[in-house]
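Here's the letter readout for the chains.
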Amino acid sequence: MVEKTPASTFWPSFYEPFRHFGTRLSEWLAPAAEASSDGKVYRIAVELPGVEEKDIDISIDDGMVTVKGEKKESREEKGETWYFSERQYGSFSRSFRLPADADPGKVSAALKDGVLMLTVERAAPEVTKARKVPIGRG
């Protein structure tokens, strides 16, 4: 068994607030999402303004749906005496754990007005019939 003993020096406690900074930053930069469900399907809406369909990758693995992509946006304006150019580039990734009754084989996606809508059907509940269990001797 491995144990970690708390260090009593000044330096480890000084750096503690910054230890998970990278994780917090990536969560802040990840696209906003919302999830909902009804009796038949689960829905996940992911906000992806300015991202084209060809730049989005959706995968399902081991009960997780992952949306990855890259935003490539460029704007350029010119006038007689002025010039303006603005570019935004960046990759993103967002993962969602599917509930136990979700059917990973029945997932669909649609992109409209900068919102990616994932629809995951619920699996039909297994109906088990009552049965007798024999008692063995011995």
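Here, every reference points to the structure presented above.
Heads up: these notes are all about the structure in this document. (Residues numbered from 1 in each chain as written. Predicted model: local features only at pLDDT ≥ 70, side-chain atom pairs only at ≥ 80, totals over all residues. Heavy atoms only, no water.)

## Focus: the pairing of strand β3 (residues 56–61)
Test applied: A pair of strands counts as paired when DSSP detects no fewer than two bridges linking them. Secondary structure is summarised from DSSP: a helix means a run of H or I of at least four residues, a strand means a run of E of at least two, and numbering begins at the N terminus for each.
In this structure, β3 lies alongside strand β4 (residues 64–78), joined through six bridges in antiparallel fashion. Bridge assignment links I56 to a residue of β4, and that residue is G69. Hairpin connection, β3 to β4: the antiparallel pair is bridged by two residues, and D62 has positive phi, about 55 degrees.

## So, the environment of K68
Note the cut-off: Think of it in three bands: residues with accessible area under 20% of the maximum for their type are buried, residues over 50% are exposed, and the middle band is partly exposed, with areas taken using a 1.4 Å probe on protein chains only. For this analysis, residues touch if any pair of their heavy atoms sits within 4.5 Å.
The topology assignment puts K68 in strand β4. Under the relative-accessibility criterion, K68 is labelled partly exposed at 43%. Setting aside residues up to four positions removed in sequence, K68 forms contacts with D55, I56, D57, F92 and S93.

## Observations concerning unusual backbone geometry
Its identity is not glycine, yet D62 carries a phi of approximately 55 degrees, on the positive side. One can find D62 in the loop between β3 and β4. Its relative accessible area of 69% is what places D62 among the exposed residues. Notably, D113 is not glycine yet its phi reads approximately 55 degrees, a positive angle. Position of D113 among the secondary structure elements: in the loop between β6 (102–112) and β7 (115–122).

Take it as geometry only, folks, not as evidence of what the structure does.
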